[in-house]
Amino acid sequence: MRKLLKYLRHYKVQSVLAPLFKLLEASFELIVPLVVSAIINEIDGGSKNAGYVVYACLILVALGVVGLISAVAAQYFAAKAAVGFSKELRHDLFDKMQTLSYADIDGLGTGKMITRMTSDVNQVQSGINLVLRLFMRSPFIVFGAMLMAFLINATAGGIFAVSIAVLCTVVFAIMLVSIPLYKKVQGNLDGVTVATRETLTGARVLRAFCKEESEIEQYNAKNAELTKSQLFVGKISALMNPLTYAIINAAIIVLLYSGAVKFDAGVLDRGQVVALYNYMSQILIELIKLANLIITVTKSFACAGRINEILEMQPSIKGGTRQTELKDALPPFIEYRNVAVNYSNSPVNALEGVSFQVERGETVGIIGGTGAGKTTLVNVLPHFYDVSQGEVLINGENVNTYGDERLREVCGIVPQKAVLFEGTVRDNMQWGKTDATDEEIAEAIKTAQAADVIKSKKDGLDEKVEQGGKNFSGGQRQRLTIARALVKKPQILILDDSASALDYATDARLRQSLKNLDYSPTVFIVSQRTSSIRHADKIIVLDGGKVAGVGTHDYLLENNEIYREIHFSQYKKESANG
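None of the values given here were measured: they were computed from a predicted structure.

### Overview of unusual backbone geometry
And step 1. In this model, Asn 338 sits at a positive phi of 50 degrees, which is unusual for a non-glycine residue.
And step 2. Among the structural elements, Asn 338 can be located in strand 1 (residues 334-341).
And step 3. Overall, Asn 338 belongs to the partly exposed group, its relative accessible area being 37%.
And step 4. The phi angle at His 383 is positive, at roughly 65 degrees, despite the residue not being glycine.
And step 5. Among the secondary structure elements, His 383 is positioned in the loop between helix 11 (374-379) and strand 4 (389-394).

Structure (structure tokens):
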């Protein structure tokens, strides 16, 4: 938590004013029992001075008004500081997440990252707000009341001191037990968030397979685990209030008994006994507030630790500093040298011993069975993942030496899942080139065979795109994401199974359009269809993460059993369908 306090640096004034106004309010509250005591003693003494009583009552009203103003001001400054804190924390947390590699994000999981950004930050914000308002006020009231009790009577002050010592022991013991339990609760909340996200994302699949009941059972199990952990820590935290009440009420009984004895002995007057009772009541109220503060702060510490884990994460992939253009150099343009890739210390490499060369302007097809390593092969080129062994070279330089941003500027990447972002079609097309003109966008859309998609929308490029592009079909999204990659005219174009939703005719027209591009990018096409890559200059066949063959379509069809099997299984299917 201490490391996160830097996010209050722009709210130092508010962070100081909030507790100061609370201390001002607390100071006036400590004066109230003395004024009440004076009024009681004045009346108890049979005084006819009504003016004094009225004057004292006016003082009480004034103390109440000033206290109210102070409380409102403290709440305003505390809220402003807490909201500003969470705003800056979210900014940094989001920025940090953008620096994480694919491997880091895979390890954390989307559900956990969402929980950190929402529930955890909100909990820390609540903790900051309460701390600024109560952390100084409550102890000030407690120890101030004890000091006032000592000023009235040393014995009474001793009762206060013992009560406070016992209360502090109870509060801190419960806090120490609760902190690790709240961390467990937030961990279980991660599980519920992940389950919720998976269920909502895959709702159509669940219904298609009639798995609703099974999913409900799994979700209920995770929810029950969360509820169980919440109830357990809640029961421990709930001990705070009854124990506080019990200790304070026991102290009040002792105080009243002691006060009665001293009143009979003439040591204390009636007003002083009432003042002592009022001070003990103030302590009771403040300790209840303090107990709630401790519970909230305990949750905040647990959440702050989880947030800090991400903020302190070092990206597993570090890009280089080379910002030079990828100018022509001695061939080859791209080279894989004995590349191996391993995910999360798996006993089996996703890629192993991969070596091949690609010349500038060539089209490379990549094919293989499910899990053969096709996507991994193209993901190491823009440095989304680090290689475990070997190296990937562009113009003879390891991709690790290039700045990741510079490297990805020259790459047009179309991932397996076609994702459009909320906004307009034009907004999405300008992701690769922010100043792209409508003519440049139209050219890219035409090449991607998406011109009919734009014509079918009444607003054209200004057509609204809903979250995730859900108002477009799968094929339309794929063509638009290809167009988005083409807008910036990349030197390297990576199509990772990005035409899977297209019909054969559209796919063929797309490939022909890519061949006719005037800037001749080097194209990598990952596909399950041999028809999509049969005209490639070079086809790489993968099997179990290893290169099983390299060559043209005709060469592989004649010499590579794996490629031949893939092709003829599809060819027979196509023939049957034809």
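Further notes follow.
### Examining the environment of Leu 268
And step 1. Tracing the backbone shows Leu 268 in the loop between helix 9 (240-264) and helix 10 (270-311).
And step 2. What makes Leu 268 buried here is its relative accessible area of 5%.
And step 3. Separated by 116 residues in the primary sequence, Leu 268 and Ile 152 place their C-alpha atoms 8.3 Å from one another.
And step 4. Those residues in contact with Leu 268, other than ones at most four positions away along the chain, are Ile 152, Asn 153, Gly 259, Lys 262, Phe 263, Val 273 and Leu 276.

### So, the sheet that holds strand 4
And step 1. An order of 2-1-4-5 is seen for the 4 strands of this open sheet, with the pairing classed as antiparallel. The open sheet has two free edges, formed respectively by strand 2 (351-358) and strand 5 (397-398), since each of these has just one partner strand.
And step 2. Where strand 1 meets strand 2, 5 bridges bridge the pair, whose relative direction is antiparallel. Note that in strand 2 the partner of Tyr 336 across the bridge is Phe 356.

### With respect to the packing of helix 6 (residues 154-201) against helix 9
And step 1. Direction vectors running N to C along helix 6 and helix 9 enclose 170 degrees, while the axes themselves pass 10 Å from each other. One finds that helix 6 runs roughly antiparallel with respect to helix 9. Contacts from Thr 155, Ala 156, Ile 159, Phe 160, Ser 163, Val 166, Leu 167, Val 170, Val 171 and Ile 174 of helix 6 reach helix 9 at Met 240, Leu 243, Thr 244, Ile 247, Ile 248, Ala 251, Val 254, Leu 255, Ser 258 and Lys 262.
And step 2. Here the residues of the contact of helix 6 with helix 9 are counted per class, giving 15 nonpolar, 4 polar and 1 charged.

### Concerning the side chain of Lys 22
And step 1. Following the sequence through the fold, Lys 22 ends up in helix 1 (residues 12-44).
And step 2. A distance of 3.1 Å separates a polar atom in the side chain of Lys 22 from a polar atom in the side chain of Glu 25.
And step 3. With residues near it in sequence (within four places) discarded, Lys 22 still touches Ala 71, Ala 74, Arg 133 and Arg 137.

### A look at the pairing of strand 11 (residues 538-543)
And step 1. Most of strand 11 is tucked away: 5 of the 6 residues are buried.
And step 2. In this sheet, strand 11 lies alongside strand 3 (residues 363-368) in parallel orientation, the contact comprising 5 bridges. From the neighbouring strand, Gly 365 faces strand 11, where its bridge partner is Ile 539.
And step 3. Strand direction decides the pairing type here: strand 11 and strand 12 (residues 546-551), joined by 5 bridges, are antiparallel. Among the inter-strand pairings, Asp 543 is bridged to a residue of strand 12, identified as Lys 546.
And step 4. The turn linking strand 11 back onto strand 12 is made up of 2 residues, and Gly 544 within it adopts a positive phi angle of 60 degrees.

### So, helix 14 (residues 438-447)
And step 1. Buried within helix 14 are the following residues: Ile 441, Ala 444, Ile 445 and Thr 447. Seen end-on, helix 14 carries its buried residues on one side only, within an arc spanning 160 degrees. Residues of helix 14 that are exposed and point more than 90 degrees away from the buried face comprise Glu 439 and Lys 446.
And step 2. Next to the buried residues of helix 14 lie helix 13 (425-429), helix 15 (451-455), helix 16 (474-487) and helix 17 (504-515).
And step 3. Where helix 14 terminates, the next one or two residues include Gln 449, which has phi positive at roughly 60 degrees.

### Observations regarding empty space enclosed by the protein
And step 1. Taken as a whole, this structure holds 2 cavities of 30 Å³ or more when the rule is applied.
And step 2. The space that makes up the largest cavity amounts to roughly 100 Å³.
And step 3. Every element with two or more residues in the lining of the largest cavity is listed here: helix 17, strand 10 (522-526) and helix 18 (530-533).
And step 4. With 3 residues, helix 17 is the largest single contributor of residues to the lining of the largest cavity.
And step 5. In terms of residue class, the lining of the largest cavity is built from 5 nonpolar, 3 polar and 2 charged.
And step 6. Taken as a whole, the second largest cavity holds about 60 Å³ of empty space.
And step 7. In terms of lining residues, the second largest cavity is bounded by Glu 440, Glu 443, Ala 444, Thr 447, Leu 486, Val 487, Lys 489, Leu 517 and Tyr 519.
And step 8. Only helix 14 and helix 16 provide two or more residues apiece to the lining of the second largest cavity.
And step 9. By residue number, the principal contributor to the lining of the second largest cavity is helix 14, which donates 4 residues.
And step 10. Looking at the lining of the second largest cavity, its residues break down into 5 nonpolar, 1 polar and 3 charged.

### A word on the sheet that holds strand 11
And step 1. Read from one edge of the open sheet, 6 strands run 6-9-10-3-11-12, paired in mixed fashion. What marks the edges here is a single partner per strand, and that holds for strand 6 (411-414) and strand 12. Averaged over all pairs of adjacent strands, the angle between strand axes in this sheet comes to 15 degrees, irrespective of strand direction.
And step 2. Sheet strands touched by helix 16: strand 6 and strand 9 (492-496). Its angle to strand 6, the strand with the most contacts, is close to 175 degrees.

### Some words on the pattern of salt bridges
And step 1. Applying the stated criterion across every chain yields a total of 17 salt bridges.
And step 2. For the salt bridge of Arg 426 with Asp 438, the shortest nitrogen-to-oxygen distance reads 3.0 Å. Taken as a pair, Arg 426 in helix 13 and Asp 438 in helix 14 lie far apart in primary sequence, 12 residues in all.
And step 3. The partly exposed category is assigned to Asp 438, whose relative accessible area is 34%.
And step 4. One salt-bridge network, held together by shared partners, links Lys 22, Glu 25, Glu 29, Arg 137 and Glu 286.

Procedures and definitions
Residues numbered from 1 in each chain as written. Predicted model: local features only at pLDDT ≥ 70, side-chain atom pairs only at ≥ 80, totals over all residues. Heavy atoms only, no water. Helix = DSSP H or I, 4+ residues; strand = E, 2+ residues; numbered from the N terminus. Buried < 20%, exposed > 50% of the residue type's maximum accessible area, 1.4 Å probe, protein only. Contact = heavy atoms within 4.5 Å. Pairing = 2+ DSSP bridges. Axes fitted to C-alpha atoms, helices over the stretch in contact; angles between N-to-C directions. Parallel < 35°, antiparallel > 145°, perpendicular 65-115°, else oblique. Nonpolar A, V, L, I, M, F, W, Y, C, P; charged D, E, K, R; others polar. Polar contact = N/O pair within 3.5 Å; in protein donor to acceptor, adjacent residues only side chain to side chain. Arc of directions from axis to C-beta. 1 Å grid on protein atoms, 1.4 Å probe; cavity = no way out; pocket = protein on both sides within 12 Å on 5 of 7 lines; lining within 4 Å. Points joined across faces, edges and corners; volume = space filled by probe spheres on them. Salt bridge = Lys/Arg side-chain N within 4 Å of Asp/Glu carboxyl O.

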